[in-house]
Amino acid sequence: MKFNQWMFALTAVALLCVAGKAQAQTETNLPPQTSFFGSVENYFTSFDTNSTTFTSERGEVWTGVVYQNGLNFADDLGVDYNLGAKGIYAEGIFRNAGIAGTIVGAQAGLGYSIVHFDTKLSVGVDGGYDFNRDNPCATFYVDARKALTENTFAGLRLGWEAQFSHSPVSRTPELSVIIGFKF
C-alpha cells in the first residue's frame, strides 16, 4: 500500500470509531419511547401553570369540523364573548355545509366555563334554526379546550342537538374538533 492509501484507511477507521462512540452515547441519552396515545395522554394530563391563555381573554374565535350522527360533516364558525361574570359567556355559531358557502344553521346561547391553568371546560346551550331541515333547534354541549400557545387553543366538543318541529322531538349527537384563538 502506498502512503496515501494508508492515510486514507487510518482516517476512515478513526472516523468510524468516533462515529461509533458518538452513536453509543446518543443512544444511551435518548428519552424513553412513548406511543402516540401515551404522548396525547401526557399532553392532556399535564398543565402549564404559567399560561394565561384563558384567564386573560375577552373572547374567542374558533372553527371546527362537526360530525352529526347519521348526517354529513359540516364546518362551524363560533364566537364566544365573556360577559364579565366569572365563567359566563355568550356564544354565536354559524354552521356551513362546506360546499359553496352554504349556511345550514345559526345558533346563539349562553355557557359557563371553568379554567384550570391552560385547560378550559365548558357547558352550555345554544338555540337557533337549522336551515337544512327547516326547524328550530337547540344544542346542549360539553366542551374541553387546551392551550396550544399563549393565544391559540384546540379542543373537542360533544353536543346533543334537538329538533323541535318533529313529534317526537328529534335528537342528534354531535362531535366537533375545534381550533381557535383568543382576543
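If you're wondering where the values come from, they're calculated on a predicted model, not measured in any experiment. (Residues numbered from 1 in each chain as written. Predicted model: local features only at pLDDT ≥ 70, side-chain atom pairs only at ≥ 80, totals over all residues. Heavy atoms only, no water.)

Draft legend 1. Region of interest: the overall build of the protein. Looking only at helices and strands, one finds 2 helices and 8 strands in the protein. Each helix (α) and strand (β) of the protein, taken in turn from the N terminus, gives the series α-α-β-β-β-β-β-β-β-β. When the 183 residues of the protein are sorted by exposure, 30% land in the buried category. Considering only residue pairs separated by 6 or more positions, the protein has 48% of its internal contacts joining residues 24 or more positions apart. Accessible area of the protein: about 11600 Å², with a carbon and sulfur share of 68%. (Helix = DSSP H or I, 4+ residues; strand = E, 2+ residues; numbered from the N terminus. Buried < 20%, exposed > 50% of the residue type's maximum accessible area, 1.4 Å probe, protein only. Contact = heavy atoms within 4.5 Å. Areas by Shrake-Rupley, 256 points an atom, 1.4 Å probe, with all protein chains shown as cover.)

Draft legend 2. Summary view of the confidence of the model for the protein. Summing up the model confidence of the protein, the mean pLDDT is 83 and the portion of residues at 70 or higher is 79%. When the criterion is pLDDT under 50, residues 18-26 qualifies, and its contacts beyond four places in sequence or with other chains add up to 0 contacts. (pLDDT = per-residue confidence, 0-100.)

Draft legend 3. Fine view of unusual backbone geometry. In this structure, Phe117 is a non-glycine residue whose phi angle is positive, near 55 degrees. The residue Phe117 is located in the loop between strand E4 (103-116) and strand E5 (119-130) in this model. Assessed through its relative accessible area of 35%, Phe117 is described here as partly exposed. Non-glycine residue Asp134 carries a positive phi angle of around 55 degrees. For Asp134, the position within the fold is in the loop between E5 and strand E6 (135-147).

Draft legend 4. Focus on the side chain of Glu91. Within the secondary structure layout, Glu91 lies in strand E3 (residues 88-96). At a separation of 3.2 Å, a polar atom in the side chain of Glu91 contacts the side chain of Tyr141. Look past the residues within four positions of Glu91 in its chain and what remains in contact with it is Trp62, Val79, Asp80, Gln107, Ala108, Gly109, Asp126, Tyr141, Arg145 and Arg157. (Polar contact = N/O pair within 3.5 Å; in protein donor to acceptor, adjacent residues only side chain to side chain.)

Draft legend 5. Representation of the environment of Asp134. By relative accessible area, which is 54% here, Asp134 ends up exposed. In this structure the C-alpha to C-alpha distance between Asp134 and Gly105, which are 29 residues apart in sequence, comes to 9.3 Å. Among the polar contacts made by the side chain of Asp134, one reaches the side chain of Tyr129 at a distance of 2.5 Å.

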